[in-house]
Amino acid sequence: MTKGSLVNWRKNLTEVKVPLYVLPARLSGWYEDGAWVASSPLSLGELARKLQKKEAFVLLWELYMPPAPSPLSEGEVAHILTALENAIEEFLYSLSFYEKLARNYRFMFSLCLVAYIIGLLSVNTWWFIWFRQPYLALTGIDNWWKRKRFSCLTRCEFQGILQGEDEKRQQALAEVSSFFQSLDPGDPEYLEKMIAFAKGKEKENPAFSEIRRAYEHLRKREREKSYFLKRIPHTSWAKVKRFFLGDLLLIPEVFVPFLCVPVRDLSFTPSSGILEEWDAQNRALQAFQ
Amino acid sequence: MPRIELYKLFNKQGYTMFSPRHPFFPEERFAQYLRVFKGEPMEIFLHVEDSKKEEYLAHLPSDFLEVARDSQGYVVIPRKSPQEILEYLKNAFSDTFRKEDALLLETWRHRDFFYHYGRFRFRGFYGVLHRLFPIVFIMHGIPGFQPMAWDMIIGDPYFEDRNFLELSKHYQMISWGLEEAFTNVTLRIVENSALRILNDIVRQDRNGEGFVQAFRVASRVGLGFLRDFFWPATQATEHTEWTKFLRPPVPFVPWKESP
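Residues numbered from 1 in each chain as written. Chains lettered and ligands numbered in written order. Predicted model: local features only at pLDDT ≥ 70, side-chain atom pairs only at ≥ 80, totals over all residues. Heavy atoms only, no water.

**Some thoughts on the overall build of chain A**
Reasoning step 1: From N to C terminus, chain A includes nine helices and five strands.
Reasoning step 2: By the burial criterion, 46% of the 289 residues in chain A qualify as buried.
Reasoning step 3: The contacts in chain A between residues at least 6 apart in sequence include a share of 78% that link residues at least 24 apart.
Reasoning step 4: For chain A, the computed accessible surface area is about 15,300 Å², with 59% contributed by carbon and sulfur atoms.
Reasoning step 5: Of note, chain A has its 38 positive side-chain charges centred 11 Å away from the centre of its 34 negative side-chain charges. (Helix = DSSP H or I, 4+ residues; strand = E, 2+ residues; numbered from the N terminus. Buried < 20%, exposed > 50% of the residue type's maximum accessible area, 1.4 Å probe, protein only. Contact = heavy atoms within 4.5 Å. Areas by Shrake-Rupley, 256 points an atom, 1.4 Å probe, with all protein chains shown as cover. Lys, Arg positive; Asp, Glu negative; His and termini not counted. Charge placed at Lys NZ, Arg CZ, Asp CG, Glu CD.)

**So, the packing of helix α3 (residues 82-116) of chain B against helix α6 (residues 146-181) of chain B**
All names here are of chain B.
Reasoning step 1: One can describe the packing of α3 onto α6 by two numbers: an axis separation of 10 Å at closest approach and a directional angle of 175 degrees. What the angle tells us is that α3 and α6 run roughly antiparallel. Contact residues: α3 offers Arg-98, Asp-101, Ala-102, Leu-105, Trp-108, Arg-109, Asp-112, Phe-113 and His-116, while α6 offers Glu-160, Asn-163, Phe-164, Leu-167, Ser-168, Tyr-171, Gln-172, Ile-174, Ser-175, Leu-178 and Glu-179.
Reasoning step 2: When the residues that make up the contact of α3 with α6 are grouped by side-chain class, the tally is nine nonpolar, five polar and six charged. (Axes fitted to C-alpha atoms, helices over the stretch in contact; angles between N-to-C directions. Parallel < 35°, antiparallel > 145°, perpendicular 65-115°, else oblique. Nonpolar A, V, L, I, M, F, W, Y, C, P; charged D, E, K, R; others polar.)

**Digging into the sheet that holds strand β3 (residues 42-48) of chain B**
In a beta sheet, neighbouring strands are held together by backbone hydrogen bonds and run either parallel or antiparallel to one another.
All names here are of chain B.
Reasoning step 1: Taken together, the four strands give an open sheet; going across it, the order is β2-β1-β3-β6, and neighbouring strands pair in mixed fashion. The open sheet terminates on both sides in strands that have one partner only, identified here as β2 (15-18) and β6 (185-191). Averaged over neighbouring strand pairs, the angle between their axes works out to 25 degrees when direction is ignored.
Reasoning step 2: In the sheet, β3 pairs with β6 via seven bridges, with the strands oriented parallel. (Pairing = 2+ DSSP bridges.)

**A word on the pairing of β3(B)**
Reasoning step 1: Most of β3(B) sits inside the fold, with seven of its seven residues counted as buried.
Reasoning step 2: Here β3(B) shows two buried faces, one formed by Met42(B), Ile44(B), Leu46(B) and Val48(B) and the other by Glu43(B), Phe45(B) and His47(B).

**Regarding the interface of chain B and chain A**
Reasoning step 1: Listed by partner, the interface residues are 73 residues for chain B and 68 residues for chain A.
Reasoning step 2: Surface buried jointly by chain B and chain A totals about 6,300 Å² across both partners, of which 57% is contributed by carbon and sulfur atoms.
Reasoning step 3: It is Arg3(B), Phe159(B) and Arg220(B) that lose the most area in chain B upon contact with chain A, and together they represent 11% of the buried surface on that side.
Reasoning step 4: One salt bridge in this structure joins Glu85(A) and Arg3(B), with 2.7 Å as the shortest N-O distance.
Reasoning step 5: Between chain B and chain A we count 22 residue pairs in polar contact (both at pLDDT 80 or more) in total.
Reasoning step 6: Of all the elements, α6(B) adds the most residues to the side of chain B that touches chain A, at 17 residues.
Reasoning step 7: Tallied by class, the residues present in the side of chain B that touches chain A amount to 31 nonpolar, 18 polar and 24 charged. (Buried area = accessible area lost by both parts, 1.4 Å probe. Salt bridge = Lys/Arg side-chain N within 4 Å of Asp/Glu carboxyl O. Polar contact = N/O pair within 3.5 Å; in protein donor to acceptor, adjacent residues only side chain to side chain.)

**Looking at the side chain of Ser73(A)**
Reasoning step 1: One can find Ser73(A) in the loop between β3 (56-64) and α2 (74-122).
Reasoning step 2: Here Glu191(B) takes part through its backbone oxygen, which lies 3.4 Å from a polar atom of the side chain of Ser73(A).
Reasoning step 3: Once you skip the residues sitting within four places of it in the chain, Ser73(A) turns out to touch Arg264(A), Glu191(B), Asn192(B) and Ser193(B).

**Quick look at the packing of aromatic side chains**
Residue and element names in this part refer to chain B.
Reasoning step 1: Applying the stated rule across the entire model yields 30 aromatic pairs over all chains.
Reasoning step 2: Taken together, a centroid distance of 6.0 Å and an interplanar angle of 25 degrees make the contact between Phe-37 and Trp-176 stacked. Here the residue Phe-37 occupies a position in helix α1 (residues 27-37), and Trp-176 occupies one in helix α6, the gap between them amounting to 139 residues.
Reasoning step 3: By relative accessible area, Trp-176 is classed as partly exposed at 45%.
Reasoning step 4: Measuring from centroid to centroid gives 6.3 Å for Phe-97 and Phe-182, while their planes differ by 10 degrees, and the two rings are stacked. Of this pair, Phe-97 sits in helix α3 while Phe-182 sits in the loop between α6 and β6; the two residues are 85 residues apart in sequence, bridging distant segments of the chain. (Phe/Tyr/Trp six-rings, centres within 6.5 Å; stacked < 30°, edge-to-face > 60°.)

**Describing the confidence of the model for chain A**
Reasoning step 1: Of the residues in chain A, 92% reach a pLDDT of 70 or more, and the chain-wide mean stands at 89.
Reasoning step 2: Within chain A, the element-level pLDDT minimum falls on helix α9 (residues 274-288) of chain A, averaging 78, and the maximum on strand β2 (residues 36-39) of chain A, averaging 98. (pLDDT = per-residue confidence, 0-100.)

Right, dumping it as structure tokens:
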């Protein structure tokens, strides 16, 4: 008998649908320069809060795309699902891995506490106990708190991705998309304008507020350093800190991932003249050197 | 369901596979293998520009086919059934992904063991002296130091050993998952239009600079991770726009090698 055949048929699975919007944007990272984004109005924390009471569930992402001559193909949609699932799973994995170590360190402090109480009762020079690693009491406490918040996500049985059917959302997304086309393509403040536009339309269609929140998550993600840069100690201060209180003593922070996946710019076609423009730039550059 | 993605890229000579997995942050892969260990099946998504299976099978290596002499000319005889070819592919994935990930897993396992194995145990002659060091406090005549000393002698090694056990159990589960992942794997072939755009650009190869242009477009079509493929490809095979930095090669020997 294989492991997969041990299915609990009495388990009550609920279906949770989360909208996911393909939003026109211009991402700025090295690996996502100029891409659009598939972003969810819920951050991972909000999603976890929503799922707190659920026993076991199936997570279905409802994908909404603006109308385009060539919509996202099967492989691109599958990539969005894989990227989201991998980000969430990696996050949960790191939390549980570091917690395994941190729990033992906190227990170490609890024994230290027993010694402290004995010392307090037996002699009047009790304060020496604080010479011994008092910071162990708080080792990995932030991860512990995060694990408490996000552990409901481990009850997810399956994740899938569907085409969204809600007409109001489609309509709102089409309006947002056409507003983006009217903006100047080099505008550095385009995210502010998109958010303001969605905010102005919230009264007439509640889907706009979802789109606004999705853009706000994107703005937060754009302002922060990238996930890998946050994890690598690349500044001198971070290097010093990592050297003295590094992974041996302090548990590294586990960062909450954003539910944003870079996708193809749906307005981009290779025949739009951009390649010729780059050729001309190259030739100019070569002549200049 | 744990998934590995593979992209079938055109590289001017033929096709090559690229998998967008980070080379030195292994958590993503380890999380997948842990899920396999817990009973979920592994899937490999092969992204191709055209989902027609014939097109995909046409670029297999030549030992799948046999060329024989006929009365009229040459004929091509397939040696293996499509089922056998798929089995062959599965074995190929197992040989590449599994090898690479087993190496990565061993590296990380030993790295963590190095940090945690017997961290508070000092072995050897000087180790004995170190272990007895708290006795200095005890014999000093202040009985209040005793609880701390015993905590250092008994408590710390105990909890650090538990850490070590936790780690070895954890990595054992992952390696079992890794073994299981490629015994029962599903291969799915999906069509990806962003990949088609990039492959077309490389195929077109304007001014002999197809890789540079694909490199520039890759992030815009949402496949930015392919920059890790296109950048070395353009540096190795094409003239870049930065001719300024080109240098004549340093001679290996100071005299002329051949007349």
